[in-house]
Amino acid sequence: MFITFEGIEGSGKTTQADRLVRRLLGLGVDVVRTLEPGGTRLGRQVRRILLDARNRDLLPLCELLLYEADRAQHVEEVIRPALDRGQWVVCDRFYDATTVYQGYARGLDKAFIRFLNEHVCAGIAPDLTFLHDCPVETGLARALRRNQRTPHNGQDRFERERIVFHEAVRKGYLELAEGEPGRFVVIDAERDEAEIEAEIFARIRPHLPGQGT
């Protein structure tokens, strides 16, 4: 079972990915928790480049190719082996993020992005994607509070983007969800964390061993 969490900055997806993993582990599910970018040793080096606020001159095409390079390593080093072993994989962002951030928001050709994703992933696709949706202002305010609480060492390049950029990301995500209702579950991310966790687990429960679908 391959589960991904998506959403704008500050939407709470990382918190809920962590909560789900803890719950699955408590039930004895063999699960791998990972993320993009940065799910491998090489990927962590790429992540530092991509999130460094000093890299304001990073070209959109360069940004896209760095994400795809990270994903290529991630799929072959972490995700595919885990799935082949029968483990569950919970991933904080995957190729949908590239489609919306570099396609909808940066304006790069979506067909080209789809081509890259298909070749890099080579048949690997999420079974279920939880899209945490909230107004941009809400997400950015949360992200700012998080960055004030936790040292981020300037790794906040995307939080510094203009509002119009984040609005395009949100719109892109919602369009993707509308196009794939069988895979996406849109979560109202303005609610209480415990309530969101309960909704996510209710969607996961039928897929647990012995539960049927």
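Residues numbered from 1 in each chain as written. Predicted model: local features only at pLDDT ≥ 70, side-chain atom pairs only at ≥ 80, totals over all residues. Heavy atoms only, no water.

## A short note on the packing of aromatic side chains
Enumeration over the complete set of coordinates arrives at four aromatic pairs. On the numbers, 5.4 Å between centres and 35 degrees between planes, the contact of Phe5 with Phe130 is tilted. Remark: Phe130 occurs in strand β4 (residues 128–133) and Phe5 occurs in strand β1 (residues 2–7); sequence separation between them is 125 residues. The exposure class of Phe130 is buried, given its relative accessible area of 0%. When the ring centre of Phe94 is taken as reference, the NZ or CZ atom of Arg71 above it lies at 5.5 Å. The ring of Tyr104 has Lys110 lying over it, and the distance from NZ or CZ to the ring centre is 4.5 Å. (Phe/Tyr/Trp six-rings, centres within 6.5 Å; stacked < 30°, edge-to-face > 60°. Helix = DSSP H or I, 4+ residues; strand = E, 2+ residues; numbered from the N terminus. Buried < 20%, exposed > 50% of the residue type's maximum accessible area, 1.4 Å probe, protein only. Lys NZ or Arg CZ within 6 Å of the ring centre and 35° of its normal.)

## A closer look at empty space enclosed by the protein
Taken as a whole, this structure holds one cavity of 30 Å³ or more when the rule is applied. Here the largest cavity defines a volume of roughly 30 Å³. Every residue along the wall of the largest cavity is listed here: Gln16, Leu20, Glu197, Ile200 and Phe201. Listed by contribution, the elements that provide at least two residues to the lining of the largest cavity are α1 (13–26) and α8 (193–204). (1 Å grid on protein atoms, 1.4 Å probe; cavity = no way out; pocket = protein on both sides within 12 Å on 5 of 7 lines; lining within 4 Å. Points joined across faces, edges and corners; volume = space filled by probe spheres on them.)

## Focus: the pairing of β1
Among the six residues that make up β1, six are buried, leaving the element largely enclosed by the rest of the structure. By the alternation rule, side chains of β1 split into Phe2, Thr4 and Glu6 and Ile3, Phe5 and Gly7, which are all buried. With four bridges connecting them, β1 and strand β3 (residues 88–92) associate as parallel partners. Bridge pairing in β3 links Phe2 to Val89. Relative to β4, β1 runs parallel, the two being bridged by five bridges. Each bridged residue has a counterpart across the sheet, and for Glu6 the counterpart in β4 is Leu131. (Pairing = 2+ DSSP bridges.)

## Examining the sheet that holds strand β5 (residues 184–188)
Strands sit in the order β2-β3-β1-β4-β5 across an open sheet of five strands; the sheet is parallel. Two strands lie at the open edges of the sheet, namely β2 (31–35) and β5, each paired on one side alone. On average, adjacent strands in this sheet sit at an angle of 20 degrees to one another, irrespective of strand direction. Where β4 meets β5, five bridges bridge the pair, whose relative direction is parallel. Bridged to Thr129 within β5 is Phe184. (Axes fitted to C-alpha atoms, helices over the stretch in contact; angles between N-to-C directions.)

## A word on the side chain of Thr98
Take Thr98: it is sitting in helix α4 (residues 95–105). A relative accessible area of 1% places Thr98 in the buried class. At 2.8 Å, the side chain of Thr98 and the side chain of Arg71 are in polar contact. Setting aside chain neighbours within four positions, we find Thr98 in contact with Leu64, Tyr67, Glu68, Arg71, Gly103, Ile113 and Asn117. (Polar contact = N/O pair within 3.5 Å; in protein donor to acceptor, adjacent residues only side chain to side chain. Contact = heavy atoms within 4.5 Å.)

## Examining the layout of surface pockets
In this structure, the second largest pocket occupies an estimated 250 Å³ of space. Lining the second largest pocket are 16 residues, with Tyr95, Thr99, Arg114, Asn117 and Glu118 sitting closest to its centre. A per-element tally of the lining of the second largest pocket places helix α5 (residues 110–121) first, with six residues. Of the residues belonging to the lining of the second largest pocket, the class tally is seven nonpolar, three polar and six charged. (Nonpolar A, V, L, I, M, F, W, Y, C, P; charged D, E, K, R; others polar.)

## Regarding the environment of Glu197
Relative to the elements of secondary structure, Glu197 occurs in helix α8. Between the C-alpha atom of Glu197 and that of Gln16, which follows or precedes it by 181 residues, the distance is 6.3 Å. Ignoring any residue separated from it by four or fewer positions in sequence, one finds Glu197 in contact with Gln16, Arg19 and Arg23.

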